[in-house]
Amino acid sequence: MSCSGAIGRRYARTDEVAIPYGVCVDFDSLKEPHTATLRERDSMLQVRMPVDEIPSVVRSLALDKMSWNDVVAKYPKFEQQETTK
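What this report covers is the structure whose coordinates are included nearby.

Parameters and conventions
- Residues numbered from 1 in each chain as written.
- Predicted model: local features only at pLDDT ≥ 70, side-chain atom pairs only at ≥ 80, totals over all residues.
- Heavy atoms only, no water.
- Salt bridge = Lys/Arg side-chain N within 4 Å of Asp/Glu carboxyl O.
- Helix = DSSP H or I, 4+ residues; strand = E, 2+ residues; numbered from the N terminus.
- Buried < 20%, exposed > 50% of the residue type's maximum accessible area, 1.4 Å probe, protein only.
- Polar contact = N/O pair within 3.5 Å; in protein donor to acceptor, adjacent residues only side chain to side chain.
- Contact = heavy atoms within 4.5 Å.

1. Thoughts on the pattern of salt bridges
Right, so step 1: Summed over the entire model, instances satisfying the criterion amount to five salt bridges.
Right, so step 2: A salt bridge links Asp 26 to Arg 48; the nearest nitrogen and oxygen atoms lie 2.7 Å apart. Taken together, the positions of Asp 26 in the loop between strand E1 (21–24) and strand E2 (35–40) and Arg 48 in strand E3 (residues 46–50) put the pair 22 residues apart, joining distant regions of the chain.
Right, so step 3: When its relative accessible area of 14% is taken as the criterion, Arg 48 is described as buried.
Right, so step 4: Residue Asp 28 pairs with Arg 48 through a salt bridge whose shortest N-O separation is 4.0 Å. Of the two residues, Asp 28 is situated in the loop between E1 and E2 and Arg 48 in strand E3; the sequence distance between them amounts to 20 residues.
Right, so step 5: Here the residues in one salt-bridge network are Asp 26, Asp 28, Lys 31 and Arg 48, joined through shared partners.

2. Observations concerning the side chain of Arg 48
Right, so step 1: A polar side-chain atom of Arg 48 sits 2.8 Å from a polar atom in the side chain of Thr 35.
Right, so step 2: In this structure, Arg 48 is in contact with Asp 26, Asp 28, Ser 29, Thr 35, Ala 36, Thr 37, Tyr 75, Pro 76 and Phe 78, ignoring residues within four places of it in sequence.

3. A word on the environment of Asp 26
Right, so step 1: Asp 26 sits in the buried class, given a relative accessible area of 13%.
Right, so step 2: In this structure, the C-alpha to C-alpha distance between Asp 26 and Thr 37, residues eleven residues apart in sequence, is 8.3 Å.
Right, so step 3: Within the structure, Asp 26 has its side chain in polar contact with the backbone nitrogen of Asp 28 (distance 3.1 Å).
Right, so step 4: At 2.7 Å, the side chain of Asp 26 forms a polar contact with the side chain of Arg 48.

Here it is as structure tokens:
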């Protein structure tokens, strides 16, 4: 079983219960500077951002002070993990 398959199933479960955003801490998160991915349920797009910015971004999204398009414009799109096991 690959990591991508396992995380894909977890995303599918959270999508079913309508969780709008998901944070994924992966092997790349361990490297300096510490980053993680933020995924939006409806578009299924992910961006990578500094770990310390995630709480404020999610709060801004939840309070409609920021749109997902604002997030995608500000942070790099996440394509695939750089570090391999």
